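What follows is each chain in one-letter form.
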Amino acid sequence: MSCRPASPRPYVLLSCATSIDGYIDDASEQRLLLSNEDDLDRVDAVRASCDAILVGAATVRRDDPRLLVRSASRRAERVACGRPASPTKVTLTARGDLDPTARFFTAGDPDRLVYCASGVLDKTRERVGRLATVVDGGDPVDLAWILADLAARGVRRLMVEGGGTVHAQFLTAGLADELHLVVAPFFVGDRRAPRFVGEGSFPWHPGRRARLAEARQIGDVVLLRYALSDRCRDA
């Protein structure tokens, strides 16, 4: 399997795990574990193959992710190739409500980029400007412009890890090349919980089906890999 970036914008790979009924979390305060150790290792390998990892500000607040490559051997391999041990961390915010003590800012030493709405540029720089490069992303935040800016910064392969709102924005804008969707073997069944994506006008519909490039069982979960653009090629 090989998907090769060759375009002015980065190759965009979306990664998500859901329950059978399409939820990415439950309504409790604790994070719902949807994956298993073997799949988490697969996700770690995908992270190690990318130049940057992007999540929305809500994911930074709710999940407090580290967004680092976990495997020491993968980190060493990246360093041996002249790359940082972990990819650049990227987040998007419309309100600038980011906690400087979040692990997005404190864990590891990769570069950090915060794209914010124009109206909260000063607020965002005041809150996290010492810890990350804060960039005016437009009003509202313009994903196409952000991808062009990331490309100019040397990002060729971007992994988008959520949450649901950010995934929906990339999908409805037609800016995704590949989707890794992992399905866990249980139901959540609570409409208060967040789903993979909400309502929207998506480029893939009954008249234009996405192409299933791979289906793979990984322990008790299943990986569905969808090719969403002609940039995704199977070797």
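The structure reproduced in this document is the subject of the present report. (Residues numbered from 1 in each chain as written. Predicted model: local features only at pLDDT ≥ 70, side-chain atom pairs only at ≥ 80, totals over all residues. Heavy atoms only, no water.)

### Things to note about the sheet that holds strand 2 (residues 52-56)
Reading across the sheet, the nine strands line up as 5-4-3-2-6-1-7-9-8 and stay open at both edges, with mixed pairing between neighbours. Where the open sheet ends on each side, the last strands, each with one partner, are strand 5 (133-136) and strand 8 (211-218). Mean inter-strand twist for the sheet, computed between neighbouring axes without regard to direction, equals 20°. Note: strand 4 (residues 112-116) against strand 5, four bridges, orientation parallel. Bridging from a neighbouring strand, Y115 pairs with V135 of strand 5. Along the sheet face, helix 5 (residues 121-128) touches strand 3 (88-93), strand 4 and strand 5 and points at about 175° away from the line of strand 5. (Pairing = 2+ DSSP bridges. Helix = DSSP H or I, 4+ residues; strand = E, 2+ residues; numbered from the N terminus. Axes fitted to C-alpha atoms, helices over the stretch in contact; angles between N-to-C directions. Contact = heavy atoms within 4.5 Å.)

### Regarding helix 7 (residues 164-172)
What helix 7 keeps buried is the set G164, V166, H167, A168, F170 and L171. The elements touched by buried residues of helix 7 are strand 1 (11-18), strand 2, helix 6 (143-152) and strand 6 (157-160). Directly after helix 7, the chain includes G174, whose backbone phi takes a positive value near 70°. (Buried < 20%, exposed > 50% of the residue type's maximum accessible area, 1.4 Å probe, protein only.)

### Re the nonpolar core
Core analysis: the biggest nonpolar cluster contains 27 residues, and L14, L54, Y115, L150, L158, V160 and F170 have the highest contact counts within it. Elements with a contribution of two residues or more to this core: strand 1, strand 2, strand 3, strand 4, helix 6, strand 6, helix 7 and strand 7 (178-183). Residue contributions to this core peak at four residues, all from helix 6. With residues near it in sequence (within four places) discarded, L14 still touches V160, H167, F170, L171, A176, E178, L179 and H180. Among the nonpolar cores identified, the runner-up in size contains 25 residues, and V46, V55, F104 and F105 belong to it. (Core = buried A, V, L, I, M, F, W, Y, C linked by side-chain atoms within 4.5 Å.)

### Remarks on helix 1 (residues 37-48)
Between the first and last C-alpha of helix 1 there are 16 Å, a value that for twelve residues agrees with the 16 Å anticipated at 1.5 Å per step. Listed in full, the buried residues belonging to helix 1 are D39, R42, V43, D44, V46, R47 and A48. One side-chain oxygen at the N-terminal end of helix 1 lies 3.3 Å from the backbone nitrogen of D38; it belongs to N36. (Expected span 1.5 Å × (residues − 1). Polar contact = N/O pair within 3.5 Å; in protein donor to acceptor, adjacent residues only side chain to side chain.)

### A short note on the side chain of R78
Considering the arrangement of structural elements, one finds R78 in helix 3 (residues 72-80). It is D51 that comes nearest to the buried, bridge-free R78 among opposite-charge side chains, at 5.7 Å. A polar side-chain atom of R78 sits 2.9 Å from the main-chain carbonyl oxygen of C50. Reaching out from R78, the side chain makes a polar contact with the backbone oxygen of A85 at a distance of 3.2 Å. Those residues in contact with R78 that lie beyond four places of it in its chain are R47, A48, C50, V69, R83, P84, A85, S86 and P87. (Lys, Arg positive; Asp, Glu negative; His and termini not counted. Salt bridge = Lys/Arg side-chain N within 4 Å of Asp/Glu carboxyl O.)

### Side note on the state of the cysteines
Counted according to the given criterion, the structure contains zero disulfides. Residue C16 stays outside any disulfide, its sulfur separated by 16 Å from that of C50, the closest cysteine. Taking the relative accessible area as the measure of exposure, C50 reaches 0% and is therefore buried. (Disulfide = S-S within 2.5 Å.)

### A look at the pairing of strand 3
Buried residues dominate strand 3, accounting for six of its six residues. The alternating pattern of strand 3 places T88, V90 and L92 and K89, T91 and T93 on opposite faces, both of which are buried. Where strand 2 lies against strand 3, five bridges are found, and the strand directions are parallel. Paired with A52 across the two strands is T88, which belongs to strand 3.

### Remarks on the packing of aromatic side chains
All chains considered together, the criterion is met by two aromatic pairs. Measuring from ring centre to ring centre gives 4.9 Å for F104 and F105, while their planes differ by 75°; the resulting arrangement is edge-to-face. With 6.4 Å between their ring centres and 80° between their planes, Y115 and W145 make a pair best called edge-to-face. Taken together, the residues Y115 in strand 4 and W145 in helix 6 connect sequence positions 30 residues apart. On the accessibility criterion, Y115 (0% relative accessible area) is buried. Across from the ring centre of F104, 5.9 Å away, lies the NZ or CZ of K89, which sits over that ring. (Phe/Tyr/Trp six-rings, centres within 6.5 Å; stacked < 30°, edge-to-face > 60°. Lys NZ or Arg CZ within 6 Å of the ring centre and 35° of its normal.)

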